[in-house]
Amino acid sequence: MKCTKCAAPAAINMRQHRLALCGDHYVEWFRAQTERAVSKHRMFSREERVLVAVSGGKDSLALWDVLLHLGYQADALYIDLGIDDGIRYSDRSLTHIHRFLAGRPEANLQVVDIEQVCGASIPDASRLTRRGRSKPCSVCGLVKRHVMNRVARDGGYDVVVTGHNLDDEAAVLFGNTLRWQLGYLSRQAPVLPASSQGLARKAKPFHRFYERETAAYALVRGIDYMYDECPYSVGATSLRHKAVLNELERQAPATKLQFYLGFLRAREEGAFEGLDAARPDLSACLECGQPTTAGQRCAFCRMWEQVNARKGRLGEPARAENSR
Ligand code: AMP
Ligand code: FES
Ligand code: ZN
Ligand code: ZN
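Residues numbered from 1 in each chain as written. Chains lettered and ligands numbered in written order. Predicted model: local features only at pLDDT ≥ 70, side-chain atom pairs only at ≥ 80, totals over all residues. Heavy atoms only, no water.

S.K.: It is not clear to me how the nonpolar core should be interpreted in this structure. Could you clarify?
M.R.: The tendency in soluble globular proteins is for nonpolar side chains to be buried side by side. By size, the foremost hydrophobic cluster in this structure holds 45 residues, and its most contacted members are Y26, F44, V52, W64, L67 and V161. Apart from the residues lying within four places of it in its own chain, the contact partners of W64 are V52, V54, A74, D75, A76, I97, F100, L101, A107, N108 and L109. Counting 36 residues, the second-largest nonpolar core is a separate cluster that includes I83, Y157, C298 and W304. (Core = buried A, V, L, I, M, F, W, Y, C linked by side-chain atoms within 4.5 Å. Buried < 20%, exposed > 50% of the residue type's maximum accessible area, 1.4 Å probe, protein only. Contact = heavy atoms within 4.5 Å.)

S.K.: Could you clarify how one ought to interpret the packing of helix α1 (residues 23-40) against helix α9 (residues 211-220) in this entry?
M.R.: The angle between the axes and the distance between the axes are what describe a pair of packed helices. Between α1 and α9, whose axes approach to 10 Å, the crossing angle comes to 125°. With respect to α9, the element α1 is oriented oblique. At the point where α1 passes α9, the crossing takes the left-handed sense. On α9, the residues touching G23, Y26, V27, W29, F30 and R31 of α1 are E213, T214, A216, Y217 and V220. (Axes fitted to C-alpha atoms, helices over the stretch in contact; angles between N-to-C directions. Helix = DSSP H or I, 4+ residues; strand = E, 2+ residues; numbered from the N terminus. Parallel < 35°, antiparallel > 145°, perpendicular 65-115°, else oblique. Left-handed = near helix turned anticlockwise from the far one by under 90°.)

S.K.: Just checking my understanding: could you explain the pattern of salt bridges for this structure?
M.R.: Pairing between side chains becomes possible if they bear opposite charge and their charged atoms approach one another. One pass over the structure, following the stated rule, counts 20 salt bridges. Here D59 ties to K58 by a salt bridge, and the two come within 3.3 Å at their closest N and O atoms. In this structure D59 comes out as buried when scored by relative accessible area, which is 13%. One salt bridge connects E211 with K58, and the closest N-O pair in it is separated by 3.6 Å. Of this pair, E211 sits in helix α9 while K58 sits in helix α2 (residues 58-69), and the two are 153 residues apart along the sequence. One network of salt bridges, in which partners are shared, links R31, D65, R104 and R221. (Salt bridge = Lys/Arg side-chain N within 4 Å of Asp/Glu carboxyl O.)

S.K.: Sorry, what's going on with the coordination of the zinc ion (ligand 3) here?
M.R.: Each pair of donors in an ideal octahedron of six around a metal sits at 90 or 180 degrees, and each pair in an ideal tetrahedron of four sits at 109.5 degrees. The protein atoms that coordinate the zinc ion (ligand 3) are C3 (SG), C6 (SG), C22 (SG) and H25 (ND1), at distances of 2.1 to 2.3 Å. If you look at the zinc ion (ligand 3), its four donor atoms make angles of 101 to 114° with each other, and the shape they trace is tetrahedral. Donor residues binding the zinc ion (ligand 3) come from one chain and are separated in sequence as C-x2-C-x15-C-x2-H. Highlighted residues: C6 in the segment before β1 (12-14) and H25 in helix α1, separated in sequence by 19 residues. (Donors = N, O, S within 2.8 Å, 3.2 Å for Na, K, Ca; no water. Tetrahedral: all angles 85-135°; square planar, octahedral: opposite > 155°, others 65-115°.)

S.K.: Even after reading the chapter, I still don't get the coordination of the zinc ion (ligand 4), so can you show me in this structure?
M.R.: Looking at the metal site, the zinc ion (ligand 4) is ligated by C285 (SG), C288 (SG), C298 (SG) and C301 (SG), spaced 2.3 to 2.4 Å from it. Each of the four donor atoms around the zinc ion (ligand 4) contributes to a set of angles spanning 106 to 114°, which defines the coordination as tetrahedral. We note that the donor set of the zinc ion (ligand 4) lies within a single chain, spaced as C-x2-C-x9-C-x2-C. One end of the pair, C288, is in the loop between β9 (283-284) and β10 (291-292); the other, C298, is in the loop between β10 and α12 (299-313), and 10 residues separate them in sequence. Residue C288 is classed as buried on the basis of its relative accessible area, which comes to 10%.

S.K.: Before we go on, may I ask you to explain helix α6 (residues 137-155) in this structure?
M.R.: Every α-helix carries 3.6 residues per turn, so stepping three or four residues along brings you back to the same face. In a regular helix each residue adds 1.5 Å, so 19 residues correspond to 27 Å; α6 covers 26 Å between its end C-alpha atoms and thus fits that length. Listing the buried residues of α6 in full gives V139, C140, G141, L142, V143, H146, V147, M148, N149, R150, V151 and A152. Where α6 terminates, the next one or two residues include G156, which has phi positive at roughly 70°. (Expected span 1.5 Å × (residues − 1).)

S.K.: So what exactly am I meant to see when it comes to the site of ligand 1 here?
M.R.: The local shell around ligand 1 holds 13 residues, among which A53, V54, I79, T162 and G163 are the closest. One of the backbone N or O atoms of I79 is found 2.9 Å from a nitrogen atom in ligand 1. At a separation of 3.0 Å, an oxygen atom of ligand 1 approaches a polar backbone atom of G163. The protein chains hide 75% of the 480 Å² of surface that ligand 1 would expose on its own. Among the elements of the structure, β4 (73-80) and α6 are those that each provide at least two residues to the shell around ligand 1. (Near = heavy atom within 4 Å. Polar contact = N/O pair within 3.5 Å; in protein donor to acceptor, adjacent residues only side chain to side chain. Areas by Shrake-Rupley, 256 points an atom, 1.4 Å probe, with all protein chains shown as cover.)

See below:
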């Protein structure tokens with residue numbers, strides 16, 4: 001197959017766009033599509049400071065690469081979750097990020113090590129709390145959201161961006177639709193504005209790219225990304241939903257794109273407006289100052305209090321402070 005633009009051998013064929021491109025034209029196309037998504041959804045401007053949440057995987061490193069290349073003020077944040085499980089998952093993720101940094105002296109990275117800052121790794125904390133009795137993913141999600149927001153606030157960033165791609169978004173949409181979770185549906189968007197109570201703006205510039213497209217960009221650009229999934233993701237509901245959608249896509253190409261874009265259209269036409277109204281007002285957590293619906297103290301602070309109390313009972317030194 002040949003590149004539609006220059007007739008060189010194609011590096012990727014995108015059936016849903018009826019487009020085959022060589023490496024150079026693919027990089028050009030991919031960056032232009034990202035720029036278009038950023039401006040269409042008014043995610044951020046070149047005058048604003050962007051915090052890219054990087055995991056070491058293909059999506060977030062490709063995103064950081066594209067934003068730096070397009071001239072955005074994009075610094076990155078890596079949250080070291082202390083996931084070991086015999087394969088040093090978190091350390092290996094950081095190694096990939098350091099390799100990415102090696103060729104980019106202009107790039108700034110901030111690392112927040114949860115064990116150092118909060119006193120326990122995510123797997124250890126989740127063993128000591130009701131939230132994470134079966135798997136650490138819920139504790140992990142809570143901590144990641146909290147830390148991203150705090151670093152954005154403390155560092156004066158205008159927006160937090162993540163590498164979520166079309167496969168991720170379609171799977172979340174599928175899960176929310178299966179359970180008709182209208183509140184979640186109304187809040188699933190390429191960009192969420194900052195709230196007056198202190199939640200940072202959040203954006204997903206890659207929401208229209210298939211996973212294979214972000215992987216292709218990373219490969220063509222020579223980004224040495226972390227290939228493995230988190231060991232705790234085995235058996236996750238989101239992976240089951242992804243498998244179902246992959247099968248549908250195999251039988252009818254562009255299914256995922258149509259499913260997701262149809263949802264965005266319905267959203268723009270107001271189909272989900274007002275469904276978020278039942279959400280209680282946010283107020284500042286008395287301990288860390290971050291927005292919370294819980295009234296007095298946020299779920300993050302309550303979770304670490306429980307972890308520290310149980311650690312104390314088990315004879316391990318408890319940690320008084322959290323990630324303030
Ligand atoms: P995941 O939930 O693992 O699919 O990751 C979705 C997005 O969240 C990634 O593309 C990153 O932007 C961000 N992310 C995931 N893990 C981390 C981490 N440990 N540190 C910073 N950002 C992360
Ligand atoms: Fe958080 Fe796997 S438990 S990334
Ligand atoms: Zn070409
Ligand atoms: Zn708090």
